[in-house]
Amino acid sequence: VQLQASGGGLVQAGGSLRLSCAASGRSFRRYLTAWFRQAPGKEREFVSAINWSGGSTYYKESVKGRFTISRDSAKNTVYLQMNSLKPEDTAVYYCAADSAGSWSQLLSTEKYDYWGQGTLVTVSS
């Protein structure tokens, strides 16, 4: 499975972006998928996750109500809709997939088998 993240860019505070994580490989449809982000000088942190069916989602507290994760199995793609963006959301965003699909240890980078290359989101004040 290969993951390709896209959709990043420069946006003003209060604006919106939609990130996409496109995957190769049919098996991706059964994987739990997450978004992480890494700001300059900081560790990579969990942002959101979605299970294989799209029926369960989980968010970092600071993005609840602003970000929405979703997936389109027909397109083998997971999305992260980001609204009301803040300067502190500035980071490189990565998508990651877990073939085991369990809902445990979502926040741990070690859980995930596959990673995309990252897409830069810059929010200006």
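Below is a summary of the structure that appears in this document.

On to the overall build of the chain. Broken down by element type, the chain carries 0 helices and 11 strands. In terms of C-alpha radius of gyration, the chain reaches 13 Å, essentially the compact-globule figure of 14 Å for 125 residues. Oriented by its inertia axes, the alpha-carbon framework of the chain measures out at about 40 × 25 × 25 Å. Once local pairs closer than 6 in sequence are excluded, the contacts in the chain between residues at least 24 apart make up 58%. Summed over its atoms, the accessible surface of the chain is roughly 6400 Å², and 46% of this surface lies on carbon and sulfur atoms. Within the chain, the 9 negative side-chain charges are centred at a point lying 7 Å from the centre of the 14 positive side-chain charges.

With the rule as written, the count across this model stands at 6 salt bridges. Between Asp89 and Arg37 there is a salt bridge; the shortest N-O distance is 3.0 Å. With Asp89 in the loop between strand 8 (77-82) and strand 9 (91-98) and Arg37 in strand 4 (residues 32-38), this residue pair connects regions lying 52 residues apart in the sequence. Per residue, the accessibility class of Asp89 equals that of Arg37, and both read buried. With a closest N to O distance of 2.9 Å, Lys111 and Asp98 form a salt bridge. In this pair, Lys111 is assigned in the loop between strand 9 and strand 10 (114-115) and Asp98 in strand 9, connecting sequence segments 13 residues apart. A relative accessible area of 3% means that Asp98 is categorised as buried.

Throughout the structure, instances matching the rule amount to 1 disulfide. Covalent S-S linkage joins Cys21 and Cys95, the inter-sulfur distance amounting to 2.2 Å. Taking the torsion about the S-S bond as the criterion, the Cys21 to Cys95 disulfide, at about 70 degrees, is right-handed. Pair noted here: Cys21 is in strand 3 (residues 17-23) and Cys95 is in strand 9, with a separation of 74 residues, a long-range link. A relative accessible area of 0% places Cys21 in the buried class.

Parameters and conventions
Residues numbered from 1 in each chain as written. Predicted model: local features only at pLDDT ≥ 70, side-chain atom pairs only at ≥ 80, totals over all residues. Heavy atoms only, no water. Helix = DSSP H or I, 4+ residues; strand = E, 2+ residues; numbered from the N terminus. Rg over C-alpha atoms; globule rule 2.2 N^0.38 Å. Contact = heavy atoms within 4.5 Å. Areas by Shrake-Rupley, 256 points an atom, 1.4 Å probe, with all protein chains shown as cover. Lys, Arg positive; Asp, Glu negative; His and termini not counted. Charge placed at Lys NZ, Arg CZ, Asp CG, Glu CD. Salt bridge = Lys/Arg side-chain N within 4 Å of Asp/Glu carboxyl O. Buried < 20%, exposed > 50% of the residue type's maximum accessible area, 1.4 Å probe, protein only. Disulfide = S-S within 2.5 Å.

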